[in-house]
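# What the coordinates show
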Amino acid sequence: MAKYVLALDQGTTSSRAILFDHDGDMVGAAQQEFPQIYPKPGWVEHNPEDIWYTQTQVISQVVKAHDAQDDIAAIGITNQRETTIVWDRATGQPVYNAIVWQCRRTAELCNQLKAEGFDAVIQAKTGLETDAYFSGTKVAWILDNVPGVRERAEKGELAFGTVDTFLLWRMTEGRVHATDVSNASRTMIYNIHTLAWDDEILARLNIPHALLPEVRPSSGVFGETGLIGHSPIPISGIAGDQQAATFGQNCTSPGLTKNTYGTGCFMLMNTGTEAVTSRNRLLTTIAWKLEDQPVNYALEGSVFIAGAAVQWLRDGLQIVANSAETQAIASTLPTNEGVYLVPAFVGLGAPYWDADARGAFVGLTRGTKRAHLVRAALESVAYQTRDVVEAMSADSGIPLQALRVDGGMSRNDFVLQFQANMLGVPVQRPVITETTALGAAYLAGLAVGFWQDQKALAQKWKIEREFEPHMSAGERESLYAGWQKAIRQVQTD
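Attention here is on the structure that accompanies the text.

Turning our eyes to something else, we now look at the packing of aromatic side chains. One pass over the full model with this rule turns up 21 aromatic pairs. Ring centres 5.3 Å apart and planes at 70 degrees place the aromatic pair tryptophan 87 and phenylalanine 166 in the edge-to-face group. Residue tryptophan 87 is located in strand β6 (residues 85–88), and its partner phenylalanine 166 is located in helix α6 (residues 163–171); the two are separated by 79 residues in the primary sequence. One exposure class covers both tryptophan 87 and phenylalanine 166, and it is buried. Through pairs of rings, three or more aromatic residues link up here, namely Trp101, Tyr133, Phe134, Phe266, Phe304 and Trp353. For arginine 81, the ring lying beneath its charged end belongs to phenylalanine 266, and the centroid distance is 5.4 Å. In this structure, arginine 404 is placed above the aromatic ring of tryptophan 461, and the distance from its NZ or CZ to the ring centre is 3.7 Å.

Across the sheet, which stays open at both edges, the six strands sit in the order β3-β2-β1-β5-β14-β13 with mixed pairing between neighbours. The open sheet has two edge strands with one neighbour each: β3 (26–33) and β13 (219–225). Between one strand axis and the next, the sheet turns by 25 degrees as a mean value, whatever way the strands run. Where strand β1 (residues 4–10) lies against strand β2 (residues 14–20), six bridges are found, and the strand directions are antiparallel. Looking at β2, one finds that aspartate 9 is bridged to arginine 16. Against the sheet, helix α9 (residues 241–248) contacts β5 (72–79) and β14 (233–240), and its axis sits at roughly 100 degrees relative to β14.

This paragraph deals with empty space enclosed by the protein. On inspection of all chains with the given rule, the structure shows four cavities of 30 Å³ or more. Around the largest cavity, the lining comprises 13 residues; the ones closest to its centre are Val303, Leu348, Gly349, Ala350 and Gln384. Every element with two or more residues in the lining of the largest cavity is listed here: α12 (370–396) and α16 (473–490). Per-class residue counts for the lining of the largest cavity are nine nonpolar, three polar and one charged.

Formed by 90 residues in total, the largest nonpolar core has its most connected members in Tyr133, Ile142, Ile189, Ile207, Leu211, Tyr261 and Leu403. Take this core: its biggest share by element is eleven residues, from α12. Ranked by size, the runner-up nonpolar core spans 34 residues in total, among them Leu19, Trp52, Ile75 and Ala98.

The next thing to look at is the sheet that holds strand β22 (residues 427–430). Pairing is mixed across the open sheet formed by seven strands, whose spatial order is β17-β18-β16-β15-β21-β22-β23. One side of each edge strand has no neighbouring strand; the edge strands of this open sheet are β17 (283–288) and β23 (463–467). The average angle at which neighbouring strand axes cross in this sheet is 30 degrees, direction not considered. Of the pairings in the sheet, the one linking β22 to β23 comprises four bridges and is antiparallel in character. The residue of β23 that forms the bridge with arginine 429 is arginine 465.

So, about the environment of valine 139. Here valine 139 is to be found in helix α4 (residues 135–145). For the pair valine 139 and glycine 11, spaced 128 residues apart in sequence, the C-alpha to C-alpha distance is 20 Å. Leave out the neighbours within four places in its chain, and valine 139 touches Thr84, Phe160, Ile207 and Leu211.

Its place among the elements puts threonine 78 in strand β5. A relative accessible area of 0% places threonine 78 in the buried class. Of note is the side chain of threonine 78, whose polar atom sits 3.0 Å from the backbone oxygen of alanine 239. Once you skip the residues sitting within four places of it in the chain, threonine 78 turns out to touch Leu8, Asp9, Gln10, Ala239, Gly240, Asp241, Ala244, Thr436, Ala437 and Ala440.

On to the packing of helix α10 (residues 307–316) against α12, then. Running from N to C, α10 and α12 point in directions that differ by 160 degrees, and their axes come no closer than 8 Å. Between α10 and α12, the crossing angle belongs to the class labelled roughly antiparallel. Relative to α12, the crossing made by α10 is right-handed. Of α12, the residues touching α10 (which contributes Ala309, Val310 and Leu313) are Leu373, Val374, Ala377 and Leu378. Looking at the contact of α10 with α12 residue by residue, the classes come out as seven nonpolar, no polar and no charged.

In this section: the packing of helix α1 (residues 48–65) against α6. Axis separation between α1 and α6 bottoms out at 11 Å; the angle between their running directions is 65 degrees. With respect to the hand of their crossing, α1 and α6 are arranged in right-handed fashion. Between α1 and α6, the residues in contact are Pro48, Glu49, Ile51, Trp52, Gln55 and Ile59 and Val163, Phe166, Leu167, Arg170 and Met171, respectively. Counted by class, the contact of α1 with α6 contains eight nonpolar, one polar and two charged residues.

The subject of this paragraph is the environment of asparagine 79. Secondary-structure assignment places asparagine 79 in strand β5. Take asparagine 79: its relative accessible area is 0%, and that puts it in the buried class. For the pair asparagine 79 and glycine 240, spaced 161 residues apart in sequence, the C-alpha separation works out to 5.2 Å. Among residues more than four places away in sequence, those in contact with asparagine 79 are Gln10, Thr162, Val163, Asp164, Asn183, Ala239, Gly240 and Asp241. For asparagine 79, the side chain forms a polar contact with the side chain of asparagine 183, separated by 2.9 Å.

Conventions adopted
Residues numbered from 1 in each chain as written. Predicted model: local features only at pLDDT ≥ 70, side-chain atom pairs only at ≥ 80, totals over all residues. Heavy atoms only, no water. Phe/Tyr/Trp six-rings, centres within 6.5 Å; stacked < 30°, edge-to-face > 60°. Helix = DSSP H or I, 4+ residues; strand = E, 2+ residues; numbered from the N terminus. Buried < 20%, exposed > 50% of the residue type's maximum accessible area, 1.4 Å probe, protein only. Lys NZ or Arg CZ within 6 Å of the ring centre and 35° of its normal. Pairing = 2+ DSSP bridges. Axes fitted to C-alpha atoms, helices over the stretch in contact; angles between N-to-C directions. Contact = heavy atoms within 4.5 Å. 1 Å grid on protein atoms, 1.4 Å probe; cavity = no way out; pocket = protein on both sides within 12 Å on 5 of 7 lines; lining within 4 Å. Points joined across faces, edges and corners; volume = space filled by probe spheres on them. Nonpolar A, V, L, I, M, F, W, Y, C, P; charged D, E, K, R; others polar. Core = buried A, V, L, I, M, F, W, Y, C linked by side-chain atoms within 4.5 Å. Polar contact = N/O pair within 3.5 Å; in protein donor to acceptor, adjacent residues only side chain to side chain. Parallel < 35°, antiparallel > 145°, perpendicular 65-115°, else oblique. Left-handed = near helix turned anticlockwise from the far one by under 90°.

Printed below as a string of structure tokens:
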């Protein structure tokens, strides 16, 4: 019997491959970063060949290190969502760089759609805000701005996909052009109620049907790859990174909520088989679909800059050598002393959705030191998360009981303790924080019988540490009021 499921976690700054065993434990992992491309202010791209190269490299590394080529039952893919690639069906070559979810180049088109009132159509059908974050306007931009692409797309010569679809296409040597419902639900052109590409939105954005992938359940055999070992291996699970993390965190009942602290910060609350319409500018999204089961929905709050703020301290300001030292630096201060960072480097996400807002330090004095800037960056993550929690509780009518956390920044005890203080509820860090990859592995393993059912998976979730709040309500509200004042100073609408 095969020993492992291989999860491919293709993220915004790196590609990873992780082997999981029957106990859901990480057996081995490999990771490789790739370049970020910034052609203009607010524009972010990746070279799709860098994505493909680094992903195949880490697959090879982890498989060879554990001599696992003939012991893999299935492969699961999880990916940076919304990032948009268009490629040639005959050659597999991209027609343009991948336009990354962070890219703001289509903000003007989104403003135009809002001015027309078309944002109401988009929200009703897709559950999404009309924002440059999502894939639909990125596809339209490629069609309208890359010479010859529209004509080729209309002839059926080109394929569009989010990163999962591109990897699936390459791994199956062009045999499978498909995505799952969770990734489709992030494109702004997929109707989450009818579970179909939406003709009205496609017509408005002038996107031909011929470009689009088939949409399938998140757990099920998509195809096979001969990339590893002597026998073809099924690719049997696909989910966008935040939905995969929610599944990996065992948030499989309504009301259970997780927050992933990665490049951005993404909170999802499971709402079961009901698509809850947000009144507070959150996103209604598809969480996943298992074979022969109804679609599972979630409410999501997307914060664009979390760990990326620490990367900026390291690479932009060069005031820290690595992210690990930020915890000790921030802890040298008893409080933030009135210094806040609003990290609106690419605008503000939920619940503000202000594409034109830009970042700012607020409350600086002559006595401000490096530690204040570092602490402000870490605290900004917790404040933004509280913004989302307030909106989510109002929409769902379900008060937050506890927050399950994961992602790279969840290893920072300062951040999690401050998060618990700011929310007034326990913050739970599981034993396995690589829950994005774990969720992809679980979805893939369920499809091929590697794991029996969801009940068996639920028993594997264990808390490594729980952070209890220990801040007075008065101090909590005073700090949060300072944050809200700082936010108002950068808002443009």
